[in-house]
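# Structural features, examined
Chain by chain, the residues run as shown.
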Amino acid sequence: NMASETLYIAAPYKHSRALSKASGVEVWMKLENCQPSGSFKTRGISHMCVKHKNSPRFVCSSGGNAGLAAAYSGKQLGVPVTIFVPLTTTQLVIDKLKDEGADVVRGGAAWDECNQNALKFVEETGSVYIPPFEHPYIWEGNSSIIAELDSKPDLVICSVGGGGLMCGIVEGLVKRKWDDVPVLAVETHGSNSLYQAVQAGKQVTLPAITSIAITLGAKTIGKQAFELTKSHPIIPCLVSDEDVVKTISQFLDDEKILVEPACAASIAVLYNGKLKELASSNPKLGNVKKVVLVVCGGSGVTIEMLKNWKQMFNIK
Ligand SMILES: *Cc1c(COP(=O)(O)O)cnc(C)c1O
């Protein structure tokens, strides 16, 4: 039975009066924050886990939303899960992973080392490695966001880390023969691996991630995401951490939803005038009326963290 093997939900689809008013376009939110595990990652990762449901174990190296999605999926499928997390991972996330029954291994100082150890463990144990963004099953699962839309939008806005969400969105648009719908691909200045790659005409590796949007912190954009910028109208776009923090606060007031910096990046372009600015100079954005905003969600945020970020940027 196919239906029982879908572990993600058809996320709520809701018009935002506040964002429409702020941006001058009609904004429809796909509320991926409502997914089990708290972000859109449930879509791609659960889809990949279902495809490998007879395997002995899933292994993921993520101290963030990918790990949470893998832990949730394994629990639902009755497959044990090991999550390798870097030392920087917060107790908040480790507790959540353990609540889902996952084995948590402190796998290294930074993500790269942690991932190396995860891959070694996969080799030794015959487990299935669940990547955060670079796999066709991940993109196929993420493409379901677009499959659920009732009608064709003029623009889709999403955040970009490694680009798995964006690849899924483009796949979904192409499947519906909406190839001409542009995607506004938003990063922060300190996590701009897609933006830099498009400027350079090739994948580049950032020396460091210097943004509070750590969930967007892929130092190198995924290959597929970079390749798609050549075949699909993808518009890379950057916002500041300061605007991200203002946006988390404003969006909480307006929609009563608390999102991670990674998610707020794509919402910020509707509050800070960036979309209007781009539309005045980019012919692909000339006649945009209806926008789908993917509210990608994320568990790495609390009121206390928001308070600290506001202090950091002197925001009242
Ligand atoms: C993973 C994640 C992203 C970035 O997704 P990619 O597929 O890596 O581009 C953005 N926002 C949230 C909340 C995430 O968990």
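These numbers were taken from a predicted model, which means no experiment stands behind them. (Residues numbered from 1 in each chain as written. Predicted model: local features only at pLDDT ≥ 70, side-chain atom pairs only at ≥ 80, totals over all residues. Heavy atoms only, no water.)

The next subject is the site of the ligand. Neighbouring the ligand are 16 residues, the closest being Lys41, Asn65, Gly161, Gly162 and Gly163. A distance of 2.8 Å separates an oxygen atom of the ligand from a polar atom in the backbone of Gly162. Residue Gly163 places a main-chain N or O atom 2.7 Å away from an oxygen atom belonging to the ligand. Among the residues making up the shell around the ligand, the classes are represented as seven nonpolar, eight polar and one charged. (Near = heavy atom within 4 Å. Polar contact = N/O pair within 3.5 Å; in protein donor to acceptor, adjacent residues only side chain to side chain. Nonpolar A, V, L, I, M, F, W, Y, C, P; charged D, E, K, R; others polar.)

Turning our attention to the UniProt feature "domain: Tryptophan synthase beta chain-like PALP" (unreviewed entry) in the chain. Per the UniProt record, "domain: Tryptophan synthase beta chain-like PALP" (unreviewed entry) is found at residues 10–297. Secondary structure across residues 10–297 divides into 45% helix and 18% strand, with the first and last C-alpha atoms of the span separated by 15 Å. (UniProt positions renumbered as here; feature names shortened; annotations may be inferred. Helix = DSSP H or I, 4+ residues; strand = E, 2+ residues; numbered from the N terminus.)

The next thing to look at is helix 4 (residues 91–99). Taken together, the buried positions of helix 4 are Val93, Ile94 and Leu97. For helix 4, the angular spread of the buried residues around the axis is 100 degrees, confining them to a single face. (Buried < 20%, exposed > 50% of the residue type's maximum accessible area, 1.4 Å probe, protein only. Arc of directions from axis to C-beta.)

Here the structure, examined in full by the defined rule, presents 14 salt bridges. Of the charged contacts in the structure, one is a salt bridge between Glu148 and Arg43, with a shortest N-O distance of 2.8 Å. Here the residue Glu148 occupies a position in the loop between helix 7 (144–147) and strand 7 (155–159), and Arg43 occupies one in helix 2 (residues 41–51), the gap between them amounting to 105 residues. Glu148 gets classed as partly exposed once you look at its relative accessible area, which sits at 26%. Overall, the relative accessible area of 0% leaves Arg43 in the buried class. For Lys290, the salt bridge identified is with Asp150, shortest N-O distance 3.7 Å. Within this pair, whereas Lys290 is found in strand 10 (residues 290–295), its partner Asp150 is found in the loop between helix 7 and strand 7, the two being separated by 140 residues in sequence. Given a relative accessible area of 16%, Lys290 falls into the buried group. Among the residues examined, Asp150 registers a relative accessible area of 56% and is labelled exposed. A network of salt bridges, in which partner residues are shared, links Lys30, Glu32, Arg43 and Glu148. (Salt bridge = Lys/Arg side-chain N within 4 Å of Asp/Glu carboxyl O.)

What follows concerns the sheet that holds strand 10. The six strands lie next to each other as 1-2-10-7-8-9, forming an open sheet whose pairing is mixed. A strand with exactly one partner marks an edge of an open sheet, and here the two such strands are strand 1 (13–16) and strand 9 (234–239). For this sheet, the mean inter-axis angle between neighbouring strands, taken without regard to orientation, is 25 degrees. Relative to strand 10, strand 7 runs parallel, the two being bridged by three bridges. By the bridge assignment for strand 10, Ile157 is matched with Leu293. Its contacts with the sheet place helix 9 (residues 193–200) against strand 8 (183–188) and strand 9, and it is angled at close to 125 degrees to strand 9. (Pairing = 2+ DSSP bridges. Axes fitted to C-alpha atoms, helices over the stretch in contact; angles between N-to-C directions. Contact = heavy atoms within 4.5 Å.)

A few words now on the packing of aromatic side chains. Enumeration over the complete set of coordinates arrives at two aromatic pairs. Between Lys290 and the ring centre of Trp28, over which it is positioned, the NZ or CZ distance is 5.9 Å. (Phe/Tyr/Trp six-rings, centres within 6.5 Å; stacked < 30°, edge-to-face > 60°. Lys NZ or Arg CZ within 6 Å of the ring centre and 35° of its normal.)

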